[in-house]
Amino acid sequence: MTTTRTRNRPAAIILTPAAEARIAALMDKAPEDAIGVKLSTPRRGCSGLAYSVDYVTEADPMDERIETPGGTFFVDAGSVLYLIGSTMDWVEDDFAAGFQFNNPNAKGACGCGESFMV
């Protein structure tokens with residue numbers, strides 16, 4: 001008899017503590033039917049792809065699922081290949097606040113920083 005063992009695979013994206021705290025803050029004020037927050041990379045912007053973070057009301061079994069202390073974070077199944085090895089951070093300063101991505105797969109970005117290409 002053969003026993004099949006599976007190993008835990010690493011998450012597609014690494015979330016910093018600041019990003020996890022922001023996800024928790026988003027979930028605290030989320031619509032009642034939201035089950036988590038989802039990252040996707042829709043086609044838009046000068047360079048082709050952009051980062052988009054939205055509430056999720058229904059889980060897609062194909063999406064990557066990352067449990068954080070403040071709620072569930074999903075990564076769109078169609079976006080995973082563009083994001084593997086990325087780090088997502090939440091950055092605030094005197095002039096702006098937003099998620100910041102360090103994506104080793106990005107080969108370039110537009111001048112305004114809103115979109116990237118792989």
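Below you will find a few notes about this structure. (Residues numbered from 1 in each chain as written. Predicted model: local features only at pLDDT ≥ 70, side-chain atom pairs only at ≥ 80, totals over all residues. Heavy atoms only, no water.)

Some words on the pattern of salt bridges
Once the charged atoms of two side chains with opposite charge are near each other, the side chains can pair.
And then number 1: Taken as a whole and judged by the stated rule, the model has three salt bridges.
And then number 2: Among the ionic pairs, K38 bridges to D63, the shortest N-O distance being 2.7 Å. Of this pair, K38 sits in strand β2 (residues 36–40) while D63 sits in the loop between β4 (52–56) and β5 (64–68), and the two are 25 residues apart along the sequence.
And then number 3: Overall, D63 belongs to the buried group, its relative accessible area being 10%.
And then number 4: Where E67 meets R65, a salt bridge forms, and the shortest distance between an N and an O atom there is 2.9 Å.
And then number 5: A relative accessible area of 51% means that E67 is categorised as exposed.
And then number 6: Counted as one network, the salt bridges with shared partners bring together K38, D63 and D76. (Salt bridge = Lys/Arg side-chain N within 4 Å of Asp/Glu carboxyl O. Helix = DSSP H or I, 4+ residues; strand = E, 2+ residues; numbered from the N terminus. Buried < 20%, exposed > 50% of the residue type's maximum accessible area, 1.4 Å probe, protein only.)

A closer look at the pairing of strand β6 (residues 71–75)
And then number 1: Where burial is concerned, most of β6 is hidden: five out of the five residues are buried.
And then number 2: Turn length for the β5-β6 hairpin, with the two strands adjacent in sequence and antiparallel, is two residues. (Pairing = 2+ DSSP bridges.)

Some details on the environment of S52
And then number 1: Topologically, S52 is positioned in strand β4.
And then number 2: Given the relative accessible area of 11%, S52 is considered buried.
And then number 3: Residues S52 and K38 lie 14 residues apart in sequence; the distance between their C-alpha atoms is 8.0 Å.
And then number 4: Setting aside its immediate chain neighbours within four residues, S52 contacts K38, L39, S40, P42 and R44.
And then number 5: Engagement of the side chain of S52 in a polar contact is seen with the side chain of D54, the distance being 2.8 Å. (Contact = heavy atoms within 4.5 Å. Polar contact = N/O pair within 3.5 Å; in protein donor to acceptor, adjacent residues only side chain to side chain.)

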